[in-house]
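# Residue-level structural notes
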Amino acid sequence: MQCMANNGFKAKLMDFYKREIIQTYGFHHLITLDTMEKVNLLYTKSTTAYSQLRKSLRLSVDNVDEVTPNDIAYVYSGYAPISVRILQNIAKPGGVRNIDAALRLIPGPLTEETQDIPAGLRTKKQASAASMTMVFFLGGVTHAEVAALRFLASEEGLSDYLIGTTQMINGTSLLETLVEPSPLAEADDSKAAPETRPRRR
């Protein structure tokens, strides 16, 4: 969190944290740190554009009312999930072009495809109804992101959302997939207690 909030670490601070973690928790966490760098949870200041994304996508919102919210940022007490903010902008007229510059700052390819229902297959109800957007989260989605999408559908009404995901995640479960287990813990697990069988009298 500190890394993302500060737009990355300075190289000297990154080296300090790595050294402290390895000396305190063990050398097997070299793999953990490497994995975190690969998924962009740890990075230096020169390798990210998060501060630009935060401004252009309005990810930080001040004075959010959590009782009667008027923005998706209420789900994280002032921080808007980037995934949902992107969908919010795409649902508006203009689609991806609304935030094309911001999307190019995010790692990975950017593609846009639109699937229209042929006029002959449309019913009167479909012609007047709001569009349906299917959102699929590879790797998992949080309950807060689902809540933000529900809020978006109910408040703005530009689209209904059908959500698919590989799993529901939270901060703990995400980090568990990244942390390299201790070799000592694995050795302890291999020493299973011997099976005991009841003796016959």
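Residues numbered from 1 in each chain as written. Predicted model: local features only at pLDDT ≥ 70, side-chain atom pairs only at ≥ 80, totals over all residues. Heavy atoms only, no water.

## As for helix 8 (residues 143–155)
As a reminder of what qualifies: Only DSSP runs of H or I reaching four residues or more are called helices, and only runs of E reaching two or more are called strands; each is numbered from the N terminus. An expected span of 1.5 Å times one less than the residue number is assigned to each helix. For each residue, the accessible area found with a 1.4 Å probe, counting protein chains only, is set against the maximum for its type, and the residue is called buried under 20%, exposed over 50%, and partly exposed in between. Here, two residues are considered to be in contact whenever any of their heavy atoms come within 4.5 Å of each other.
With 13 residues, helix 8 extends 18 Å from end C-alpha to end C-alpha; this agrees with the ideal 18 Å at 1.5 Å per step. By the burial criterion, the buried members of helix 8 are Ala144, Glu145, Val146, Ala148, Leu149, Phe151, Leu152 and Ala153. Here the buried face of helix 8 lies against helix 5 (82–90), strand 1 (131–137) and strand 2 (159–165). Among the residues trailing helix 8, glycine 157 stands out with phi positive, at a value near 65°.

## A closer look at the confidence of the model for the chain
Residues shown with low pLDDT carry predicted positions that ought not to be read at fine detail. Inclusion rule: pLDDT measures how confident the predictor is about each residue, on a scale from 0 to 100.
Averaged over all residues, the pLDDT of the chain is 81; the fraction at 70 or higher stands at 84%. Helix 7 (residues 124–128) is the least confidently modelled element of the chain, averaging 53 in pLDDT, while helix 8 averages 92, the highest of any element.

## Topic: the nonpolar core
What counts is decided by this rule: Take the buried Ala, Val, Leu, Ile, Met, Phe, Trp, Tyr and Cys residues and link them wherever side-chain atoms come within 4.5 Å; each set so joined is a nonpolar core.
Among the nonpolar cores identified, the biggest contains 18 residues, and Ile72, Val84, Leu149, Leu152 and Tyr161 are the most heavily contacted of them. Only helix 5, strand 1 and helix 8 provide two or more residues apiece to this core. Take this core: its biggest share by element is seven residues, from helix 8.

## Side note on the pattern of salt bridges
Selection criterion: For salt bridges, the criterion is a side-chain nitrogen of Lys or Arg within 4 Å of an Asp or Glu carboxyl oxygen.
Within the structure shown, the criterion is met by five salt bridges. The partner of lysine 38 in a salt bridge is aspartate 34, with the nearest N and O atoms 3.3 Å apart. Of this pair, lysine 38 and aspartate 34 both sit in helix 3 (residues 29–38), four residues apart, which is roughly one turn of the helix. When salt bridges with common partners are traced through the structure, they connect Arg58, Asp71 and Arg85 into a single cluster.

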